[in-house]
Amino acid sequence: MTGDEQEPVALELDCRGMLCPLPVIELGRRHVEVPVGAVVAVVTEDPAARTDVPAWCRMRGQEYLGEDSAADGVARYLVRRVG
Amino acid sequence: MLEAALTRGYADPRALHGPGRDARLLLDNAREVVAECLGLTRDEVWFTSPSDAVQRGVLGLVAGNPRAGDDAVLSAVEHAAVRHALGWHARRRDVVPVEVGVDAAGRVDAAAFRDAAGAPGVAVAALQLANHEVGTVQPVAGLDLPAGVPLFLDASASLGLLDLPGSGWAAAAGHATSWSGPPGVGLLLVRRGARWANPFPGDPEPQDAGGGLPDVAGALAAAAALQATAAERAEVDARRRRLVDRIRAVAATLPDTEVVGDPVDRLPHLVTFSCLYLSGETLVRELDRLGFGVASGSACTASTLEPSHVLAAMGALTHGNVRVSLGRDTTEEQVERFVAALPDLVGRLRTEVGL
């Protein structure tokens, strides 16, 4: 994710050590915990998440914002709750 | 025919003695049959293993084009055999193969592919006739590559099912399983006039089995199967397309499920879909319990735990993936049983997940 003013992450899901489809299941279950318009992050080493988090957004009508990394270097995928 | 091959074709067809000449006759007969089915001449057809056909096919064009440079262009959805062959070549020359992306249906953009192939230093471009996982046909016929850049055509998933383009490619590979032939037989096809040179140790010209002992019985069985497939192709093609359409239609009604690959311009027998929140491995196991043998491109079904590079390149959901390949004799009853079982199974597994 680029831009100097990164939006605050309202909920960070620690999915380290989980394999597909568990990170996306976690996202599907818990994104409703943040208000519409807020950002949820999924932190996982699962290589499938790079494709499946954007695919989940497309299928579920949410907005995929991009990828950065958590402090420990693990990939972090950012999603805005649209509905 | 196979019996004749086993009793008469056991000898080494490279030998000059009587049994050797007999085996040579049978092998050339098989070559002739294959050439006729594919619209080629017999000196363009070589029998070898499926992986050798890919490796020698694509790398032979690089070796035959020594002044062009070391770069290779391929689509992002090529079979692992092509990716591995070009990756192996590139590592030795300290270059990186250029991958051209695909759209959501898995089809490469012909103009982007042509542009990439036209870059300086490109020795070969590789593209499949149709994708082996999602069935989408690639725009091979309209490629019109720059002069001097040969096309390697990977027809391993499609030979016998789709027509081979009459021109526009220099070498190709086929795998007899795509036309219900024996699994160990591959075809290396090298066009007349193509600049091809053996990339591996041995004679510079193409040879059966890479110069090793040819499998005469396998070649004959493959040729007979190709002939039979060609004879029944129109009928089997129409039936399988109808059955695939049926599975696609039912899969599309499942909640949170996407059917992937081109709905029309595709291989006749393949259908692929992905179910959100479900594990591909669980789907494969549960369907197997119900009597359906299916494949999956999901990471959990791969030894590497990496998802299918085809699905990833398309941006398609990689988990919960199911790939159904219909045999030439798959019946409507079997397909109806499958589509009847699918909604219950997906519903039950989703309930277990709680979503």
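Residues numbered from 1 in each chain as written. Chains lettered and ligands numbered in written order. Predicted model: local features only at pLDDT ≥ 70, side-chain atom pairs only at ≥ 80, totals over all residues. Heavy atoms only, no water.

### Looking at the overall build of chain A
Argument step 1. Assigned secondary structure in chain A consists of two helices and four strands.
Argument step 2. Its helices and strands in sequence order give chain A the pattern β-α-β-α-β-β, from N to C terminus.
Argument step 3. Taking 2.2 N^0.38 as the reference for a compact globule, 83 residues should give roughly 12 Å; the C-alpha atoms of chain A span a radius of gyration of 11 Å, in line with that estimate.
Argument step 4. When its C-alpha atoms are laid out on the principal axes, chain A stretches across 30 × 30 × 20 Å.
Argument step 5. In chain A, which comprises 83 residues, the share counted as buried stands at 49%.
Argument step 6. Put simply, of all contacts in chain A between residues at least 6 apart along the chain, 64% involve residues at least 24 apart.
Argument step 7. When the accessible surface of chain A is split by element, carbon and sulfur atoms take 50% of a total near 3900 Å².
Argument step 8. Treating the 9 positive side-chain charges of chain A as one cloud and the 14 negative ones as another, the clouds have centres 7 Å apart. (Helix = DSSP H or I, 4+ residues; strand = E, 2+ residues; numbered from the N terminus. Rg over C-alpha atoms; globule rule 2.2 N^0.38 Å. Buried < 20%, exposed > 50% of the residue type's maximum accessible area, 1.4 Å probe, protein only. Contact = heavy atoms within 4.5 Å. Areas by Shrake-Rupley, 256 points an atom, 1.4 Å probe, with all protein chains shown as cover. Lys, Arg positive; Asp, Glu negative; His and termini not counted. Charge placed at Lys NZ, Arg CZ, Asp CG, Glu CD.)

### Looking at the sheet that holds strand E4 (residues 75-80) of chain A
Residue and element names in this part refer to chain A.
Argument step 1. The four strands lie next to each other as E1-E2-E4-E3, forming an open sheet whose pairing is mixed. For this open sheet the edge positions go to strand E1 (9-14) and strand E3 (63-69), each flanked by a neighbour on one side alone. This sheet shows a mean twist of 25° between the axes of neighbouring strands, independent of strand direction.
Argument step 2. By the bridge criterion, six bridges tie E3 to E4 in an arrangement that is antiparallel. (Pairing = 2+ DSSP bridges. Axes fitted to C-alpha atoms, helices over the stretch in contact; angles between N-to-C directions.)

### Notes on unusual backbone geometry
Argument step 1. Here the amide bond leading from A:Cys20 into A:Pro21 is cis, since omega sits at 5°, within 30 degrees of zero.
Argument step 2. Its location among the elements puts A:Pro21 in the loop between E1 and helix H1 (22-30).
Argument step 3. Look at B:Asp94: it is not a glycine, yet its phi comes out positive at around 60°.
Argument step 4. You can see B:Asp94 is positioned in the loop between helix H4 (80-93) and strand E3 (98-100).
Argument step 5. We classify B:Asp94 as exposed; its relative accessible area is 73%.

### Looking at the domain arrangement of chain B
All names here are of chain B.
Argument step 1. Split into domains, chain B comes out as domain 1 (2-228) and domain 2 (234-353).
Argument step 2. Between the C-alpha centres of domain 1 and domain 2 there is a distance of 28 Å.
Argument step 3. Between domain 1 and domain 2, the residue contacts involve 24 residues of the former and 21 residues of the latter.
Argument step 4. By the criterion of area lost to domain 2, the three top residues of domain 1 are Glu-133, Val-134 and Leu-161, representing 38% of everything that side buries.
Argument step 5. Where domain 1 packs against domain 2, one counts three salt bridges.
Argument step 6. Among the ionic pairs, Arg-107 bridges to Asp-262, the shortest N-O distance being 3.1 Å.
Argument step 7. Across the contact surface, domain 1 and domain 2 share eight residue pairs in polar contact (both at pLDDT 80 or more).
Argument step 8. Grouping the constituent residues of the side of domain 1 that touches domain 2 by class yields twelve nonpolar, seven polar and five charged. (Domains from an automatic or database assignment. Buried area = accessible area lost by both parts, 1.4 Å probe. Salt bridge = Lys/Arg side-chain N within 4 Å of Asp/Glu carboxyl O. Polar contact = N/O pair within 3.5 Å; in protein donor to acceptor, adjacent residues only side chain to side chain. Nonpolar A, V, L, I, M, F, W, Y, C, P; charged D, E, K, R; others polar.)

### Considering the UniProt feature "domain: UPF0033" (unreviewed entry) in chain A
Argument step 1. Annotation from UniProt places "domain: UPF0033" (unreviewed entry) at residues 13-37 of chain A.
Argument step 2. Secondary structure within residues 13-37 of chain A divides into 36% helix and 8% strand; the distance between the first and last C-alpha atoms comes to 17 Å. (UniProt positions renumbered as here; feature names shortened; annotations may be inferred.)

### Some words on the packing of helix H2 (residues 18-38) of chain B against helix H6 (residues 216-253) of chain B
All names here are of chain B.
Argument step 1. Close contact between H2 and H6 brings their axes to 9 Å; oriented N to C, the two are set at 30°. Judged by the inter-axis angle, H2 sits roughly parallel to H6. For H2 against H6, the interelement crossing comes out left-handed. Across the interface between the two elements, Ala-23, Leu-26, Leu-27, Ala-30, Val-33, Val-34, Cys-37 and Leu-38 from H2 touch Val-216, Ala-219, Leu-220, Ala-223, Leu-226 and Gln-227 from H6.
Argument step 2. Looking at side-chain class alone, the contact of H2 with H6 contains 13 nonpolar, one polar and no charged residues. (Parallel < 35°, antiparallel > 145°, perpendicular 65-115°, else oblique. Left-handed = near helix turned anticlockwise from the far one by under 90°.)

### Some thoughts on the nonpolar core
Residue and element names in this part refer to chain B.
Argument step 1. With 63 residues, the main nonpolar core has Leu-38, Phe-113, Leu-151, Leu-164, Leu-187 and Leu-189 as its most contacted residues.
Argument step 2. Contributions of two or more residues to this core are made by H2, strand E1 (45-48), helix H5 (110-117), strand E4 (122-128), strand E5 (151-154), strand E7 (186-190), H6 and helix H8 (309-314).
Argument step 3. When residues of this core are sorted by domain, at least three fall in each of domain 1 (2-228) and domain 2 (234-353).
Argument step 4. Among all residues touching Leu-187, those that are not within four sequence positions of it are Val-34, Leu-38, Val-45, Trp-46, Phe-47, Ala-53, Leu-159, Ala-172, Ala-173, Gly-174 and Trp-179. (Core = buried A, V, L, I, M, F, W, Y, C linked by side-chain atoms within 4.5 Å.)

### Thoughts on the interface of chain B and chain A
Argument step 1. Taken residue by residue, the interface counts 21 residues in chain B and 16 residues in chain A.
Argument step 2. Carbon and sulfur atoms supply 65% of the area buried between chain B and chain A, which totals about 1500 Å² over both sides.
Argument step 3. As a salt-bridge pair, A:Arg58 and B:Glu258 come within 2.6 Å of each other at their nearest N and O atoms.
Argument step 4. Applying the counting criterion to the chain B and chain A interface returns seven residue pairs in polar contact (both at pLDDT 80 or more).
Argument step 5. Looking at the side of chain B that touches chain A, the elements that each hand over two or more residues are strand E8 (257-260) and H8 of chain B.
Argument step 6. A breakdown of the residues in the side of chain B that touches chain A according to their chemical character gives 13 nonpolar, five polar and three charged.

### Details of the packing of H6(B) against helix H9 (residues 332-353) of chain B
Residues and elements named next belong to chain B.
Argument step 1. At a minimum axis separation of 10 Å, H6 and H9 run at an interaxial angle of 10°. The orientation of H6 relative to H9 falls into the category roughly parallel. Across from Arg-242, Leu-243, Arg-246, Ile-247 and Val-250 in H6, the residues of H9 making contact are Glu-332, Val-335, Glu-336, Phe-338 and Val-339.
Argument step 2. Split by residue class, the contact of H6 with H9 holds six nonpolar, no polar and four charged.

### Description of the pattern of salt bridges
Argument step 1. This structure, assessed with the given rule, holds 35 salt bridges over all chains.
Argument step 2. Note that A:Arg16 is salt-bridged to A:Asp14, the shortest N-O span being 2.9 Å.
Argument step 3. On the accessibility criterion, A:Asp14 (49% relative accessible area) is partly exposed.
Argument step 4. B:Arg323 is the partner of B:Glu133 in a salt bridge, and the nearest nitrogen-oxygen pair spans 3.9 Å.

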